Every structure is written in structure tokens, then in C-alpha cells.
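If you want the building blocks of each chain, they are given just below.
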Amino acid sequence: MGIFDFLKRKEQKKNVEDVLKKMSFSETIEWVGKERGKMEKVEGETFSEMMERIDELVVEIGEKIIALESFDLKSKKEDERIKNAVEESRRMYIDSLRVLVKSLEKIREVKSEKLANNINNVLSDFNKKSSKNYERANFLIGDELVNIKKSLGVFSGDILRIFGENKKDMDFLNALLIAEERINLIDSMDKTLSSIGKIKVDLNKKVDEKIMERKELSQELEKIKSDTVYLEWLAEVKEIKLFESRLDRNILELKQLVDFKGLSNFFHSDPKKIMRVREHKEHFQNNFKSDYGVSLIGLLKESEIDTGLILEKIKKIGVDMDKVKESKKNVGKDRTLDIYSRFEKIDLEIETIKMDKIREEKKWEKLKDGRKELVELLRKGLVKIGVELS
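Predicted model only: the values in this text are computed from it and were never measured.

A. View of the overall build of the chain. The helix and strand inventory of the chain stands at 12 helices and 2 strands. N-terminal to C-terminal, the α/β element order of the chain is α-β-α-α-α-α-α-α-α-α-α-α-α-β. In terms of overall size, the chain is more extended than a compact globule, its C-alpha atoms giving a radius of gyration of 51 Å where 390 residues would be expected to give roughly 21 Å. On the principal axes, the C-alpha backbone points of the chain span a range of 145 × 80 × 40 Å. Counting only contacts in the chain whose residues sit at least 6 apart along the sequence, the fraction spanning at least 24 positions is 83%. Each charge class in the chain was averaged separately, 82 positive and 79 negative side chains, and the resulting centres sit 2 Å apart.

Below you can see the structure in the form of C-alpha cells.
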């Protein structure tokens, strides 16, 4: 076999290893769940191994504190001031060791993915706070302090080794947890989309029902309009309107007979009455209809302007106004008004439903876009752990 054959086989093997597992969304859910279970077991084992190493260090530190406390400083032939300074540094260094032990025991509550980093922070904090006391105490105390430093160095190396050996698995577990979180969010989005879909169907159904209701009302309206009784009513209403138009013309003719200039001249010194004269002149028809011309008659009589023809015409118009009022009272209500009112109500309801539909459509589109982005993130994340979402 030649060298190129060997390289070719090696390349083929590499390509096979690089092939992604193709999975559907449902298959991915199941696969992620199973793999997470496996990796959590590995995580638990890593966590246990680190905890065992912490326990070992705690015991070691306890023993070394005893040895450090037992060290006989009095036997050293040094200046008392130096021995006192070393004694104070030894005491403070032992206090720092006890704080370190408590911090390490507290770390047990933290998951292994952050454990190594937290241990490193605890050791770093210990070194910063105890380094000066270590150096001062080390002036007279040698092996006992060096042994502690060595133990901490070995411990730190062991933790980094344990974490390093399992980092790939921890990264894999973290990727699985992220994928699972995204899958759960996509599943939640799907449920919401399904709920919105049902709401949209329901709103469409309501619009159809309202359109049908309007159609039935239109049929009812046409039936009323073709009814003999309604046609007779329309003829009567038309006749009343014609009579009312003639009445309005008569009132306008009456206005032409009134000498407003003469009234203005007569009442020019009376602000209130001149105001009434102007009101009649500018709004003659409304004022006349409101009191049947009583106010106008009062002004005419007080001014002693010839009122014979005017009074006679006012009386006739008053009679005609009573006839119109009585006719309107007897003619009855327009039966189509209620239907037109219901038309307005239905049209408003349809517009309201359509606005609700627009809001739901916007929510639908926004959620669909968000889901699409999330699926793309999931797809990219899965590729990193060897899965192709199909």
C-alpha cells in the first residue's frame, strides 16, 4: 500500500467523523434529553471528584494548622521584637487559613461548571490577603509554612487537571442545556402560535356571522320597504313634509311683512328689546316656531305698528303648525330606523373584530419571526455538537 492510499483512507475516516447526525425537531428533543442525562452524570462525577479533593485539602490544612501552632518560636534565638512580630503574623496567617477552609466548604453549594473558577477565586483571594503574613512568619518558621504552600499548589493543580479532563464534557453539557432551553422556548412559542391561530379562526367566524346577520337584516329591510303598510306610511310622511315645506314658506313670507326697521327705530333706546328684534330678524323661523309668534306679537303691539294682516297670518300659521305636529304624532315611527341602527351597530362590531384580527396578525408575525431566529440559533448551536436539524 502506497503513502497516498494511506492518506486517502485517513481523509475518508476524517470525513466520516465530520458527518453531522441529521435529526428532525422531535428527534432532536429526545436526543438532547438523553444526552443531557448522560452528561449530568459525568458532571456529578466531576463534582464529586472535586469535592473529595476539597475534603482532602481541608483535612491537610487542619493538620498543618496544628503543626504551625505547635512550632516553638520561644526556642529561636532572635530579638524579642522580631519573635513577637513573627508570632502576630503566624496568628493572622492561621486565621486566613481558617477563612480559606470555610470558603472552600461553602463552595460545595456551587455546580461544577463554576466550581473550578470559584476555587481559583478563593485561593487567589487567600494569597492576596495572607502573602505579607506568610513572608513575615517565614522569617523564623520555614518547613511548616512551605508545606502549606505546597499543599495549596498541588490542590490548585489537581482542580485544574480534573476540570481540564472534563472540560469537553462540561462544554457539551452546557451546549445541550442551551439547546434544551431554546427547544423549550420554541415549544412555548408553538403553543402560543397555535392559540393565536385559534383566536384568528374564531375572529373570522365572528366576522362571517356578523356579515350573515347584516345580510338577514338587509332582507328584512327590503321586506319592510315593499310592504303595503310601509308604502302607505311613506306616502303619508311625504304629504306631511310637503305641508311642512309650505308652512316654512308661509313663515318666510310672514317675515317679509314685518317692518324690522320700524321696530329697530322704535326700540333703539331699549337694549333688551332691540336685541329681541335682531334675534327675530336673524333667526325668524326658529324663533317663530318656538313660541308660535307670541314674542313677535308683543313687540308689534308695543310699537303700535300696523299688525292687522300680520296677526291674521300668524294665527293661520299657528293652526297649520298644530296640524303638522298632530300629523307627525299620528303617523307613527319609521319601522326601518331600528334596522338602520342595528346596521350601524353590526358595522362597528365588524370593524372592532377586524382591528382585533390585525392585532393578532401582528402578534403572529412577530412571534413567527422570533421563532425563526430562535430556530436558526438552535440550528447553529446543534451543529457545534454534531447535529444537523433537518
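B. Summary view of the pattern of salt bridges. Considering all chains together, one arrives at 31 salt bridges under this definition. Residue glutamate 30 pairs with lysine 34 through a salt bridge whose shortest N-O separation is 3.3 Å. Here glutamate 30 pairs with lysine 34, and both are found in helix H2 (residues 25-70), just 4 residues apart, close to one helical turn. Take lysine 34: its relative accessible area is 51%, and that puts it in the exposed class. A salt bridge links lysine 363 to glutamate 360; the shortest N-O distance between them is 3.4 Å. Of the two residues, lysine 363 and glutamate 360 are both situated in helix H12 (residues 337-384); the distance of 3 residues between them amounts to about one turn of the helix. Lysine 363 sits in the partly exposed class, given a relative accessible area of 45%. One salt-bridge network, held together by shared partners, links Arg53, Glu56, Glu60 and Asp158.

C. Seen up close, the packing of helix H8 (residues 271-282) against helix H10 (residues 294-303). The contact between H8 and H10 brings their axes to 11 Å, and the two run at 125 degrees. In terms of orientation, H8 lies oblique with respect to H10. Of the two elements, H8 crosses H10, and the hand of that crossing is left-handed. Taken together, the residues of H10 that come into contact with H8 (itself represented by Lys273, Arg276, Val277 and His280) are Ser295, Leu296, Leu299 and Glu302. Its residues assigned to classes, the contact of H8 with H10 shows 3 nonpolar, 2 polar and 3 charged.

D. Expanded view of the confidence of the model for the chain. Residues with a pLDDT of 70 or more make up 94% of the chain, whose mean pLDDT is 86. The least confident element of the chain, judged by mean pLDDT, is helix H1 (residues 3-18) at 39; the most confident is H12 at 94. Considering only residues more than four positions removed or in separate chains, one finds that residues 1-17, a stretch of pLDDT under 50, has 2 contacts.

E. Structural context of the side chain of aspartate 320. Mapped onto the fold, aspartate 320 is located in helix H11 (residues 308-331). Look at aspartate 320 and you get buried, because its relative accessible area is 9%. Contacts of aspartate 320, omitting those with residues within four sequence positions, involve Phe243, Leu247 and Asn250.

F. Layout of the packing of H10 against H11. At a minimum axis distance of 11 Å, the contact between H10 and H11 shows a crossing angle of 170 degrees. By the angle between their directions, the pair H10 and H11 is classed as roughly antiparallel. The two elements H10 and H11 cross, and the hand of that crossing is left-handed. Seen from H10, the contacting residues are Leu296, Ile297, Leu300 and Lys301; seen from H11, they are Ile310, Leu311 and Ile314.

G. Summary view of helix H3 (residues 80-106). Here H3 spans 39 Å end to end across 27 residues, near enough to the 39 Å set by a 1.5 Å rise per residue. Those residues of H3 that fall on the buried side of the exposure criterion are Lys83, Val86, Ser89, Arg90, Tyr93, Ile94, Ser96, Leu97, Leu100, Val101 and Leu104.

H. Region of interest: the side chain of serine 130. Along the chain, the position of serine 130 falls in helix H4 (residues 112-137). Residue classification places serine 130 among the buried positions, given a relative accessible area of 2%. A polar atom in the side chain of serine 130 sits 2.6 Å from the backbone oxygen of phenylalanine 126. Setting aside residues up to four positions removed in sequence, serine 130 forms contacts with Tyr93 and Ser96.

I. Fine view of the packing of aromatic side chains. For the structure on display, the rule yields 8 aromatic pairs. Seen from their ring centres, tyrosine 93 and phenylalanine 126 are 5.8 Å apart, and the 55 degrees between their planes marks the pair as tilted. Placement of tyrosine 93 in helix H3 and of phenylalanine 126 in helix H4 is noted, with a sequence separation of 33 residues between them. Like tyrosine 93, the residue phenylalanine 126 is buried in the burial classification. Here the aromatic cluster, defined as three or more aromatic residues joined through ring pairs, consists of Tyr93, Phe126 and Tyr134.

What counts and what doesn't
Residues numbered from 1 in each chain as written. Predicted model: local features only at pLDDT ≥ 70, side-chain atom pairs only at ≥ 80, totals over all residues. Heavy atoms only, no water. Helix = DSSP H or I, 4+ residues; strand = E, 2+ residues; numbered from the N terminus. Rg over C-alpha atoms; globule rule 2.2 N^0.38 Å. Contact = heavy atoms within 4.5 Å. Lys, Arg positive; Asp, Glu negative; His and termini not counted. Charge placed at Lys NZ, Arg CZ, Asp CG, Glu CD. Salt bridge = Lys/Arg side-chain N within 4 Å of Asp/Glu carboxyl O. Buried < 20%, exposed > 50% of the residue type's maximum accessible area, 1.4 Å probe, protein only. Axes fitted to C-alpha atoms, helices over the stretch in contact; angles between N-to-C directions. Parallel < 35°, antiparallel > 145°, perpendicular 65-115°, else oblique. Left-handed = near helix turned anticlockwise from the far one by under 90°. Nonpolar A, V, L, I, M, F, W, Y, C, P; charged D, E, K, R; others polar. pLDDT = per-residue confidence, 0-100. Expected span 1.5 Å × (residues − 1). Polar contact = N/O pair within 3.5 Å; in protein donor to acceptor, adjacent residues only side chain to side chain. Phe/Tyr/Trp six-rings, centres within 6.5 Å; stacked < 30°, edge-to-face > 60°.

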